[in-house]
Amino acid sequence: MLKIEHLAWSIPGGEEIIKDIDFTASEGKLIVVTGPNGGGKTSLAKLIAGIETPSNGKIFFQGEDITGLDVTQRARNGIAYAFQQPVRFKGLTVRDLLELAAGGKLPEEELCGLLGQVGLCANEYIDREMNASLSGGESKRIEIATVLARKAKLSIFDEPEAGIDLWSFSRLVETFQTLRRQGTGTLLVISHQERILSIADEVIVIAEGRVRMAGPREEVLPQLMADERTARCPLGKEEMA
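Each value, and the rule that gives it
Numbers given to residues run from 1 along each chain, matching the order in which its sequence is written. This being a predicted model, a pLDDT of at least 70 is required before a residue's local features are given, and a value of 80 or more before pairs of side-chain atoms are given or counted; all residues contribute to the totals for chains, interfaces and linings. As a convention, hydrogens and water are excluded, and side-chain values are obtained from all of the structure's heavy atoms. Buried residues are those whose accessible area, probed at 1.4 Å on protein chains only, stays under 20% of the maximum for their type, while exposed residues exceed 50% and partly exposed ones sit between those limits. Secondary structure elements follow DSSP: runs of H or I no shorter than four residues count as helices, runs of E no shorter than two count as strands, and numbering proceeds from the N terminus. Should any heavy atoms of two residues lie within 4.5 Å, those residues are counted as being in contact. DSSP bridges decide pairing: two strands pair if at least two such bridges lie between them. Pairs were defined over the aromatic rings of Phe, Tyr and Trp, the Trp ring being its six-membered one, requiring ring centres within 6.5 Å. Orientation was assigned from the angle between planes: stacked under 30 degrees, edge-to-face over 60, tilted for the rest. Like-charged residues within 9 Å of one another, or nonpolar side chains (Val, Leu, Ile, Met, Phe, Trp, Tyr) within 5 Å, are grouped into patches, provided each residue has over 30% relative accessible area and no salt bridge. Values of accessible area rely on a 1.4 Å probe in the Shrake-Rupley scheme; residue burial ignores everything except the protein chains shown. The rule for a salt bridge is simple: a side-chain nitrogen of Lys or Arg has to be within 4 Å of a carboxyl oxygen of Asp or Glu. Counted as positive: Lys and Arg. Counted as negative: Asp and Glu. His and the chain ends are not counted at all. One atom stands in for each charge, and that atom is NZ of Lys, CZ of Arg, CG of Asp or CD of Glu. The definition of a nonpolar core used throughout is a set of buried Ala, Val, Leu, Ile, Met, Phe, Trp, Tyr and Cys residues joined through side-chain atoms within 4.5 Å.

**Quick word on helix α4 (residues 108-117)**
Residues three or four positions apart in an α-helix share a direction because the helix packs 3.6 residues into each turn. Regarding α4, the residues found buried are Leu111, Leu114, Leu115 and Gly116. Where α4 is buried, its residues contact α3 (94-102), α5 (122-125), α6 (136-150) and α7 (166-182).

Below you can see the structure in the form of structure tokens.
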């Protein structure tokens, strides 16, 4: 279980981005964090992963206070993170990266399965180097595959739909559904996509650095969609006439 208490974070010497956030994410669930751009979603994900350090508050994971742990220590505790903009690793092949993530050698069948889940053909990619020859979308899908290879207790995906084509996105949604059914770990996904929101167990809406709404998808999503329709059409029919 992931528990956030009074979390706050500011840009060093600047603006406060995260302002007193509290929520609890149920274990083994698919939790989608959504909200307007600039609201603090990615900052929140980085704080949970240990990439950034909060200025206030606590982060608990499986009953342990991990606030003071760095990103490597959190990874050892079972937290995996997929960046919005993937890092390239010159000199490493896709196979190397997947096996590093898994912590050992992987059979060809498993390597093929991991790449297949993100819409890539293993024969074409397994021995390719992680360098500039790969497109942004290809790098993103490979990084998502490395997170899947980790089989982490908590997997954080920051806008996984960014930079990938529609077919690969469909495969990714199917992968999230499969992982949720298997109950192998908690999935925390930062996303604006309605298709990802529609398969969530819980939805957390972050706006202006605070939790605006949080709860089961069945309760939060209808209100979120109603608010969005209101924002798009602020005038009633009589006023528009």
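Text resumes after the structure shown.
**With respect to the sheet that holds strand β4 (residues 56-61)**
Read from one edge to the other, the open sheet built from four strands follows the order β2-β1-β4-β5, with strand pairing classed as antiparallel. Bordering the open sheet on either side are β2 (16-25) and β5 (64-65), each of which pairs with just one other strand. Two elements, strand β1 (residues 2-10) and β4, share five bridges in a ladder whose sense is antiparallel. Bridge assignment links Ala8 to a residue of β4, and that residue is Asn56.

**Looking at the packing of aromatic side chains**
This structure, assessed with the given rule, holds one aromatic pair. When the centroid spacing of 5.1 Å and the interplanar angle of 65° are considered together, the rings of Phe157 and Phe176 count as edge-to-face. Placement of the pair is Phe157 in strand β9 (residues 154-158) and Phe176 in helix α7, with a sequence separation of 19 residues. Each member of the pair, Phe157 as well as Phe176, carries the same accessibility label: buried.

**Some points on the pairing of strand β11 (residues 202-207)**
Of all six residues that make up β11, six are buried, and the element is covered over most of its length. Covered by surrounding structure in β11 are Glu202, Ile204 and Ile206 together with Val203, Val205 and Ala207, the residues of both alternating faces. Where strand β3 (residues 30-34) lies against β11, four bridges are found, and the strand directions are parallel. Residue pairing for β11: Val33 is matched across the bridge by Ile204. Bridge count between β11 and strand β12 (residues 210-216): six bridges; the pairing is antiparallel. Of the residues in β12, the one forming a bridge with Ala207 is Arg210.

**Here we look at a negative patch on the surface**
There is a patch of like negative charges on the surface, built from Glu15, Glu16, Asp20 and Asp22. Along the chain, Asp22 turns up in strand β2.

**Focus: the nonpolar core**
Generally speaking, nonpolar side chains in soluble globular proteins are found buried as a group. Membership of the largest hydrophobic core comes to 46 residues, with the highest contact counts inside it found for Leu98, Leu115, Ile142, Phe157, Phe176, Val189 and Ile196. Apart from the residues within four sequence positions on either side, Val189 is in contact with Leu30, Ile31, Val32, Val33, Phe157, Pro160, Phe176 and Ile196. Counting 27 residues, the second-largest nonpolar core is a separate cluster that includes Leu2, Ile17, Ile31 and Ile48.

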